[in-house]
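What follows is each chain in one-letter form.
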Amino acid sequence: MNFKTGWYVLYVRANHEKRTHNLLQEHQLESFLPTVKKIRKYRNCKKSIFAPLFPSYVFVKLNSTFDLYIALSLKSSCAFVKFAERYALINEEEISRIKLLSKIDGIKEIEVDSKPIKIGETKLLTVSPFEGLECEVMNVKNKNKIIVRIKSIRQNITAIVPSNYITDVVY
């Protein structure tokens with residue numbers, strides 16, 4: 001195996017993302033579990049929870065093949081995500097995009113989708129810590145819906161942002 005240091009996508013058992021993330025950190029492996037705040041409705045109340053942005057995915061920074069074997073040895077781990085017999089390697093820019101998107105409170109209705117979306121205008125987000133993040137903008141029901149593409153795992157993150165968060169790209 002031709003190993004490269006970087007962020008890999010670990011596929012885990014359903015509803016075991018947080019447990020796996022904690023176990024990876026106990027083994028001194030750097031891991032990242034992006035979460036978003038969601039409102040769950042029950043019979044007589046509403047409760048806000050933090051759910052994984054990518055269900056069954058945990059991002060792990062691997063420095064050696066030994067780290068890969070440690071991550072796979074966890075009971076809740078299934079496999080690393082592959083595309084065409086190659087492990088999905090996420091670059092630092094995409095990880096920072098995901099981290100930025102999952103931290104801001106002003107963004108609503110964050111969703112992940114693997115379906116291709118028609119290309120819209122490319123814009124820049126201007127509110128820190130988003131400043132400089134490139135995204136595509138679609139106007140859906142008179143709201144600015146942004147799309148941030150994570151090409152290495154073929155996923156799109158969509159969210160609704162206020163119009164003052166967006167500016168034109170200057171090349």
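Structural data are supplied above this passage.
Rules of the game
- Residues numbered from 1 in each chain as written.
- Predicted model: local features only at pLDDT ≥ 70, side-chain atom pairs only at ≥ 80, totals over all residues.
- Heavy atoms only, no water.
- Helix = DSSP H or I, 4+ residues; strand = E, 2+ residues; numbered from the N terminus.
- Contact = heavy atoms within 4.5 Å.
- Areas by Shrake-Rupley, 256 points an atom, 1.4 Å probe, with all protein chains shown as cover.
- Core = buried A, V, L, I, M, F, W, Y, C linked by side-chain atoms within 4.5 Å.
- Buried < 20%, exposed > 50% of the residue type's maximum accessible area, 1.4 Å probe, protein only.
- Phe/Tyr/Trp six-rings, centres within 6.5 Å; stacked < 30°, edge-to-face > 60°.
- Lys NZ or Arg CZ within 6 Å of the ring centre and 35° of its normal.

**Details of the overall build of the chain**
Line of reasoning, step 1. When helices and strands are counted, the chain shows three helices and 15 strands.
Line of reasoning, step 2. Taking contacts inside the chain between residues at least 6 apart in sequence as the whole, the part at least 24 apart equals 64%.
Line of reasoning, step 3. If you sum the accessible surface of the chain, you get close to 10700 Å²; carbon and sulfur atoms cover 48% of it.

**Things to note about the nonpolar core**
Line of reasoning, step 1. Counting 27 residues, the largest nonpolar core has Val9, Phe54, Phe59, Ile98, Ile146 and Ile153 as its most contacted members.
Line of reasoning, step 2. Mapped by element, the contributors of at least two residues to this core are strand E1 (6-12), strand E5 (57-62), helix H3 (92-103), strand E12 (134-140), strand E13 (143-150) and strand E14 (155-161).
Line of reasoning, step 3. Setting aside residues up to four positions removed in sequence, Val9 forms contacts with Tyr57, Val58, Phe59, Ala79, Phe80, Val81, Ala88, Ile90 and Ile153.
Line of reasoning, step 4. Ranked by size, the runner-up nonpolar core spans 15 residues in total, among them Leu10, Leu68, Leu74 and Phe80.

**Structural notes on the environment of Ile160**
Line of reasoning, step 1. Note that Ile160 resides in strand E14.
Line of reasoning, step 2. Distance in space between the C-alpha atoms of Ile160 and Met138 is 9.6 Å, their sequence separation being 22 residues.

**Considering the side chain of Thr20**
Line of reasoning, step 1. Relative to the helices and strands, Thr20 resides in helix H1 (residues 17-26).
Line of reasoning, step 2. Exposure remark for Thr20: the relative accessible area of 0% places this residue in the buried category.
Line of reasoning, step 3. Excluding residues that lie within four positions of it along the chain, Thr20 makes contacts with Leu10, Val12, Val58, Leu74, Ser76 and Ser77.

**Examining the environment of Pro55**
Line of reasoning, step 1. With respect to the helices and strands, the residue Pro55 is situated in the loop between strand E4 (46-52) and E5.
Line of reasoning, step 2. Once the C-alpha coordinates of Pro55 and Val12 are considered, the two residues, 43 residues apart in sequence, prove to be 8.8 Å apart.

**Regarding the packing of aromatic side chains**
Line of reasoning, step 1. Taken as a whole and assessed by the stated rule, the structure comprises eight aromatic pairs.
Line of reasoning, step 2. Judged by centre distance (5.9 Å) and plane angle (15 degrees), the rings of Phe3 and Tyr8 are stacked.
Line of reasoning, step 3. Ring plane angle 80 degrees and centroid distance 6.3 Å describe the contact between Tyr8 and Tyr87, whose orientation is recorded as edge-to-face. Taken together, the residues Tyr8 in strand E1 and Tyr87 in strand E8 (residues 86-87) connect sequence positions 79 residues apart.
Line of reasoning, step 4. Here Tyr8 falls in the buried class, since its relative accessible area comes to 4%.
Line of reasoning, step 5. A relative accessible area of 25% means that Tyr87 is categorised as partly exposed.
Line of reasoning, step 6. An aromatic cluster is present here, built from Tyr11, Phe32, Phe54, Tyr57 and Phe59 joined pairwise through their rings.
Line of reasoning, step 7. Against the face of Tyr87 rests Lys82, its NZ or CZ located 5.0 Å from the ring centre.
Line of reasoning, step 8. Lying across the ring of Phe32, Lys99 places its NZ or CZ 5.3 Å from the centre.

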